[in-house]
Amino acid sequence: MSMMELPSRQRPLTLLAIVIGLQVLLLAFQIKRDHDVRLVRVWAVDILTPLQRSGTWMISSVHAVWAHYIDLRRTGVENDRLHSELGRLQLRNRELESRAVEADRLALLLGFHTANPDVPMVAAQVIGANADASSRTIFINRGDTDRLRKNMAVITPDGIVGKVVEVYQDTSQVLLITDRESGVGALFSGSRTHGVIKGMSEPYLLMDYVINEEKVAPGQEILTSGEDQIFPKDLLIGTVVRSKNGNPFSVINVRPAARLDRLEEVLVLLTRRDTPNQKKAEPAVAPVPATGAATPSAATPVAPVTTTPPATKSISKPPATTPERP
Amino acid sequence: MSAYAHAEPNIEVHKFYGGTISVATFLSLVLQAFLNKYGAWVGFLELPLLITIYFGLSRRNPATGLLLGGTIGVLQDAVSHTPIGTYGIAKTVVGYMASSIGSRIDTEHPLARAALIFLFFHVHQAVLTVIERALLDRPVAFFSSKLLIAALINTAAGLLLFPLLDRLRKPS
């Protein structure tokens, strides 16, 4: 009997709860709170929002634990992979940057070549330099097979570099204009006064045999005179840095136009034909081809080797204006 | 021993003539609406509540009592400006309590009836206050002098009304 009473005792309470619950729900549908929102909607949002927040928090916590602790082994592998890829990409980036700079340089060379289509020339890469501190020479990757000969002029679009002093099968040695053995016939671009550019195995050059009365100002350009029979006329040698009176001639220091400490590609003139008076060529789009594209003209000899004395020992004597170098 | 009226040999479950509860409910609502026009003191009277208490005590069945109270309260809300369910919840609670108590003790004595009416009136007003504060968001005070006066008025009215309603019982 007592067992039977329990369910019947709870029935009125259950019924009471149901009836009151229904009436509360009925009230909730009628009552409006702030912003004209029904109370039942407010309750529904208030009930569901904490559950949603809790669920989201739980899921994110589990995910965080998994991602930051349990799944670290994959993170380590991923880290290693990313490191190696980063290293590879950095190398590739440096390679591409180097190629881009090389392309710019070759474009300059091509521009010079394009501006002087009648002058046969060949591009060459600098592959080495002098092994001692006193001389200023470089080695280029062109030689006898590329029709190079001694005393051929070596230039860049910025200015002259030197001349070929030794020719081998596939390489050649070039004496830079800064070497103490070097001498180049020169003149001032404005006054056209002649002189001789001498190397001192130092970064700057010396313009010699210019009388003290000559008005020389810093910044004046020095061009080749062509009298040495090596460099064509009116190629840019450099600019005056300073000048002072000397005995018996002025002491004029000249900064080379070509960046002799950063040579990577050069042009070898296969002829002594004069180029147009052009100090710098405009850069072109495509780089200079690897093999020499310039061919010597039929009307002009490749190199004045047999007709002029080598300039390693002295500059060829011009008529009474350029004295022999001691 | 069972605590419920239908299994309790000492407590009588009163039966009424057909339609008594419906007519009494209807008349209480009509009179309540009629009397509310005449001012404060008459407005304190809660005839539907007295009907709920009486029939809850008489029927002595909690299920019947709460359903009766809920119905009377919803009908009262329907003819008032309050949201439906306000008086419905209050009278549901009172109907349930009246039936539960009525099934345990003898409620024929006038003093017992007076005490129960006084008690249930306070319960009714307490539930109303909770609903108005929690759901309707109205800052309503519970304890006030009007509450005591209204409780006394309804107790006196109940002591007059209940004997009249006793005449509508079927003879046992």
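About the criteria used
- Residues numbered from 1 in each chain as written.
- Chains lettered and ligands numbered in written order.
- Predicted model: local features only at pLDDT ≥ 70, side-chain atom pairs only at ≥ 80, totals over all residues.
- Helix = DSSP H or I, 4+ residues; strand = E, 2+ residues; numbered from the N terminus.
- Buried ≥ 20, exposed ≤ 12 C-beta atoms within 10 Å, placed from the backbone.
- Contact = placed C-beta atoms within 7 Å.
- Nonpolar A, V, L, I, M, F, W, Y, C, P; charged D, E, K, R; others polar.
- Core = buried A, V, L, I, M, F, W, Y, C linked by C-beta atoms within 7 Å.
- Pairing = 2+ DSSP bridges.
- Axes fitted to C-alpha atoms, helices over the stretch in contact; angles between N-to-C directions.
- Left-handed = near helix turned anticlockwise from the far one by under 90°.
- pLDDT = per-residue confidence, 0-100.

Undergrad: How would you explain the overall build of chain B if you had to name every residue and give the values?
TA: Scanning chain B from N- to C-terminus turns up seven helices and zero strands. When its helices and strands are written in sequence order, chain B yields α-α-α-α-α-α-α. Counting the 172 residues in chain B, one finds 41% classified as buried. Considering only intrachain contacts with a sequence separation of at least 6, the fraction spanning at least 24 residues in chain B is 68%.

Undergrad: Tell me about the interface of chain A and chain B, and name the residues and values.
TA: By a widely used convention, the size of an interface equals the accessible area lost when the partners come together. Tallying the contact residues gives 15 residues for chain A and 17 residues for chain B. The greatest single-element share of the side of chain A that touches chain B, amounting to 12 residues, is contributed by helix α1 (residues 2-30) of chain A. Considering only residue class, the side of chain A that touches chain B consists of 10 nonpolar, two polar and three charged.

Undergrad: Give a detailed account of the nonpolar core, specifying residues and quantitative values.
TA: Core analysis: the biggest nonpolar cluster contains 54 residues, and I160, V161, I197, I237 and V268 of chain A have the highest contact counts within it. Among all residues touching V161 of chain A, those that are not within four sequence positions of it are V154, I155, T156, V174, L176, I177, A258, L260, L263 and V266 of chain A. With 37 residues, the next largest nonpolar core counts L50, Y54, F55 and F162 of chain B among its residues.

Undergrad: Summarise the sheet that holds strand β12 (residues 265-269) of chain A; cite the residues concerned and give the values.
TA: Residues and elements named next belong to chain A. Here we have six strands rolled up into a closed barrel, ordered β1-β2-β5-β4-β3-β12, and antiparallel in their pairing. In this sheet, adjacent strand axes meet at a mean angle of 45° when their direction is disregarded. Of the pairings in the sheet, the one linking strand β1 (residues 121-129) to strand β2 (residues 137-140) comprises three bridges and is antiparallel in character. By the bridge assignment, G128 is partnered in β2 with F139. This element, helix α3 (residues 72-115), spans β1 and β12 of the sheet and lies at about 20° to β12.

Undergrad: Kindly report on the environment of I101 of chain B, identifying the contributing residues and their values.
TA: All names here are of chain B. Here I101 lies in helix α5 (residues 86-102). The class of I101 is buried, set by 20 C-beta atoms lying within 10 Å. Expressed as a C-alpha distance, the spacing of I101 and N61, which sit 40 residues apart in the sequence, is 9.6 Å.

Undergrad: Describe the pairing of strand β3 (residues 153-156) of chain A, listing the residues and the values that go with them.
TA: Residue and element names in this part refer to chain A. Here β3 shows two buried faces, one formed by A153 and I155 and the other by V154 and T156. With four bridges connecting them, β3 and strand β4 (residues 159-167) associate as antiparallel partners. By the bridge assignment, A153 is partnered in β4 with K163. If you look at the hairpin formed by β3 and β4, you'll find two residues sitting between the two strands. Looking at chain direction, β3 and β12 are connected through two bridges and run antiparallel. Within β12, the position partnered with I155 by the bridge is L267.

Undergrad: Lay out the sheet that holds strand β8 (residues 205-208) of chain A with the relevant residues and their values.
TA: Residues and elements named next belong to chain A. In space, the six strands of this closed barrel follow the order β6-β7-β8-β11-β10-β9, with antiparallel pairing throughout. With direction set aside, neighbouring strand axes in the sheet form an average angle of 40°. Pairing analysis gives six bridges linking strand β10 (residues 236-244) to strand β11 (residues 251-256), with the strands arranged antiparallel. Note on β11: the bridge partner recorded for V240 is V254.

Undergrad: Outline the packing of helix α1 (residues 20-35) of chain B against helix α4 (residues 62-78) of chain B, supporting the account with residue identities and numerical values.
TA: Residue and element names in this part refer to chain B. Packing of α1 against α4 leaves a shortest axis separation of 10 Å and a crossing angle of 35°. Of the two elements, α1 crosses α4, and the hand of that crossing is right-handed. Each of I21, T25 and L29 in α1 lies in contact with α4, whose residues at this interface are L68, I72, L75 and Q76. Tallied by class, residues from the contact of α1 with α4 come to five nonpolar, two polar and no charged.

Undergrad: How would you summarise the confidence of the model for chain B if you had to cite specific residues and measurements?
TA: Keep in mind that low pLDDT regions are not for reading the predicted coordinates in detail. All names here are of chain B. The predicted model of chain B averages 84 in pLDDT, with 89% of residues at 70 or higher. Per-residue pLDDT stays below 50 along residues 1-9; that stretch engages in 14 contacts with residues further than four places along the chain or on separate chains. Both confidence scores are given for the complex: pTM 0.45, ipTM 0.75.

Undergrad: How would you sum up the pairing of strand β9 (residues 221-224) of chain A? Please name residues and give values.
TA: The side chains of a regular strand alternate between the sheet's two faces. Residues and elements named next belong to chain A. Bridge count between strand β6 (residues 183-188) and β9: three bridges; the pairing is antiparallel. Of the residues in β9, the one forming a bridge with F188 is I222. Note that β9 and β10 share three bridges and pair antiparallel. By the bridge assignment, I222 is partnered in β10 with G238.

Undergrad: Which residues make up the confidence of the model for chain A, and what values go with them?
TA: A residue-level look at chain A finds 79% of positions with pLDDT of 70 or above and a mean pLDDT of 79. Under a pLDDT of 50 for its full length, residues 278-326 of chain A has, in the predicted model, 101 contacts with residues more than four places off or in other chains.

Undergrad: An account of the environment of T178 of chain A is requested, with residue identities and associated values reported.
TA: Relative to the helices and strands, T178 of chain A resides in the loop between β5 (172-176) and β6. Discounting residues that sit within four places of it in the chain, T178 of chain A has contacts with R136, G199, S201, E202, P203, L205, P256 and L260 of chain A.

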